[in-house]
Amino acid sequence: MNFIMEGGPVFMVSLLILLIVIVILFVKGLKDNSEKNNKLVKEISLFAFVFGVLGFVIGFLGALEDIAVASDVSHQVLAGGFKVGLLSPTFGMVIFLIGKLFTIILTWIKK
């Protein structure tokens, strides 16, 4: 759970909430497999992916501003910043893939 705090709580906690919503919709879809439920899983997972990328872009713009002000930035600090910055879009991609897998399963078992 440390990666959630490292990646920025605003974006990472929001992505975690979206993941929980997707799992709940999937479980609901296993009981009542409707087209609306399937579409919601698909759209929320895509939203999570784009939201994660937005978190990276906002963080990256802030980092570039700080680098422009600083006189000397070491390679280690820069690499550490990139690692932290990529946590949000990576988590968004994982959520997107989970949502896509759930959509495939729900489509496959559709009556």
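Residues numbered from 1 in each chain as written. Predicted model: local features only at pLDDT ≥ 70, side-chain atom pairs only at ≥ 80, totals over all residues. Heavy atoms only, no water.

Caption draft 1: How the structure looks around helix H5 (residues 87–108). End to end, H5 covers 31 Å across 22 residues, agreeing with the expected 32 Å (1.5 Å per residue, within 8%). Looking at the buried side of H5, the elements it contacts are helix H1 (2–6), helix H2 (9–31), helix H3 (35–69) and helix H4 (75–85). (Helix = DSSP H or I, 4+ residues; strand = E, 2+ residues; numbered from the N terminus. Expected span 1.5 Å × (residues − 1). Contact = heavy atoms within 4.5 Å.)

Caption draft 2: How the structure looks around the layout of surface pockets. Of the voids in this model, the largest pocket is the one considered here, and its volume is about 210 Å³. Within the residue set of the lining of the largest pocket, elements represented by two or more residues are H3 and H4. Here the lining of the largest pocket takes 7 residues from H3, the largest share from any one element. Among the residues making up the lining of the largest pocket, the classes are represented as 9 nonpolar, 3 polar and 1 charged. (1 Å grid on protein atoms, 1.4 Å probe; cavity = no way out; pocket = protein on both sides within 12 Å on 5 of 7 lines; lining within 4 Å. Points joined across faces, edges and corners; volume = space filled by probe spheres on them. Nonpolar A, V, L, I, M, F, W, Y, C, P; charged D, E, K, R; others polar.)

Caption draft 3: Broad picture of the nonpolar core. Membership of the largest hydrophobic core comes to 18 residues, with the highest contact counts inside it found for Met12, Leu15, Ile22, Val41, Phe91 and Ile95. Mapped by element, the contributors of at least two residues to this core are H2, H3 and H5. Sort the elements by how many residues they give to this core and H2 lands first, with 8 residues. Not counting residues up to four positions away in its chain, the partners in contact with methionine 12 are Phe3, Ile4, Gly7, Leu87, Ser88 and Phe91. (Core = buried A, V, L, I, M, F, W, Y, C linked by side-chain atoms within 4.5 Å. Buried < 20%, exposed > 50% of the residue type's maximum accessible area, 1.4 Å probe, protein only.)

Caption draft 4: Spatial organisation of the packing of H2 against H5. Two numbers describe how H2 lies on H5: the axes approach to 10 Å, and their chain directions differ by 5°. Classified by the interaxial angle, the pair formed by H2 and H5 is roughly parallel. Every residue of H5 that contacts H2 at Phe11, Met12, Leu15, Leu16, Leu19, Ile22, Val23, Phe26, Gly29 and Leu30 is listed here: Leu87, Ser88, Phe91, Gly92, Ile95, Ile98, Gly99, Phe102, Ile105 and Leu106. Of the residues contributing to the contact of H2 with H5, the split by class is 16 nonpolar, 4 polar and no charged. (Axes fitted to C-alpha atoms, helices over the stretch in contact; angles between N-to-C directions. Parallel < 35°, antiparallel > 145°, perpendicular 65-115°, else oblique.)

Caption draft 5: Molecular detail of the packing of aromatic side chains. The final tally for this structure, using the stated rule, is 6 aromatic pairs. Ring geometry for phenylalanine 26 against phenylalanine 102: centres 3.9 Å apart, planes inclined by 10°, an arrangement best described as stacked. Of this pair, phenylalanine 26 sits in helix H2 while phenylalanine 102 sits in helix H5, and the two are 76 residues apart along the sequence. Accessibility assignment for this pair places phenylalanine 26 and phenylalanine 102 in one class, buried. An angle of 20° between the planes, with centres 5.8 Å apart, marks the rings of phenylalanine 47 and phenylalanine 51 as stacked. Of the two residues, phenylalanine 47 and phenylalanine 51 both sit in helix H3, 4 residues apart, roughly one turn of that helix. Classification of phenylalanine 47 as partly exposed rests on a relative accessible area of 48%. For phenylalanine 51, a relative accessible area of 18% translates into the label buried. Clustering of aromatic rings is evident, with ring pairs tying together Phe11, Phe47 and Phe51. (Phe/Tyr/Trp six-rings, centres within 6.5 Å; stacked < 30°, edge-to-face > 60°.)

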